[in-house]
Amino acid sequence: MSRSSNGKTGKRLRLFKRREDDLLERSFRSCPGCHADVHVFADVCRHCGGTLETALAG
């Protein structure tokens with residue numbers, strides 16, 4: 001008999017809580033001109049055409 005046929009579908013024991021991945025949030029920043037989300041490595045905003053300053057870590 002398989003485990004899925006025991007009538008306890010949807011009730012699993014979770015030992016580790018899954019964390020939200022913020023990689024997607026860290027990949028974008030706000031354009032100072034139009035406040036649209038742009039990629040962190042973009043040089044020019046594709047919405048307004050404004051020049052973006054590259055922020056360097058460190």
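In what follows, the structure referred to is the one given above.
Structural notes, computed from the coordinates. (Residues numbered from 1 in each chain as written. Predicted model: local features only at pLDDT ≥ 70, side-chain atom pairs only at ≥ 80, totals over all residues. Heavy atoms only, no water.)

### What to know about the overall build of the protein chain
Here comes step 1: Secondary structure assignment for the protein chain yields one helix and two strands.
Here comes step 2: Counting from the amino terminus, the protein chain carries its helices and strands in the arrangement α-β-β.
Here comes step 3: Taking all 58 residues of the protein chain together, 12% fall into the buried category.
Here comes step 4: Here the analysis covers contacts within the protein chain between residues at least 6 apart in sequence; of these, 8% occur between residues at least 24 apart.
Here comes step 5: A total of about 6100 Å² of accessible surface is found on the protein chain, and carbon and sulfur atoms cover 53% of it. (Helix = DSSP H or I, 4+ residues; strand = E, 2+ residues; numbered from the N terminus. Buried < 20%, exposed > 50% of the residue type's maximum accessible area, 1.4 Å probe, protein only. Contact = heavy atoms within 4.5 Å. Areas by Shrake-Rupley, 256 points an atom, 1.4 Å probe, with all protein chains shown as cover.)

### Considerations on the environment of cysteine 45
Here comes step 1: Mapped onto the elements, cysteine 45 comes out in the segment after β2 (37–39).
Here comes step 2: Classification of cysteine 45 as buried rests on a relative accessible area of 2%.
Here comes step 3: Aside from chain neighbours lying at most four places away, what touches cysteine 45 is Cys31, Cys34, Val38, Gly50 and Leu52.

### Comments concerning unusual backbone geometry
Here comes step 1: One non-glycine residue with positive phi stands out, namely histidine 35, at about 65 degrees.
Here comes step 2: Inspection of the secondary structure assignment puts histidine 35 in the loop between β1 (28–30) and β2.

### A short note on the environment of threonine 51
Here comes step 1: One can find threonine 51 in the segment after β2.
Here comes step 2: With 19 residues separating them along the chain, threonine 51 and proline 32 place their C-alpha atoms 9.2 Å apart.

### Concerning a nonpolar patch on the surface
Here comes step 1: Together, Leu13, Leu15 and Phe16 make up a nonpolar patch on the protein surface, roughly 470 Å² of accessible area in all.
Here comes step 2: As for its position among the elements, leucine 13 is in the segment before α1 (23–26).
Here comes step 3: Classification of leucine 13 as exposed rests on a relative accessible area of 75%. (Patch = residues over 30% accessible without salt bridge, like charges linked within 9 Å, V, L, I, M, F, W, Y side chains within 5 Å. Salt bridge = Lys/Arg side-chain N within 4 Å of Asp/Glu carboxyl O.)

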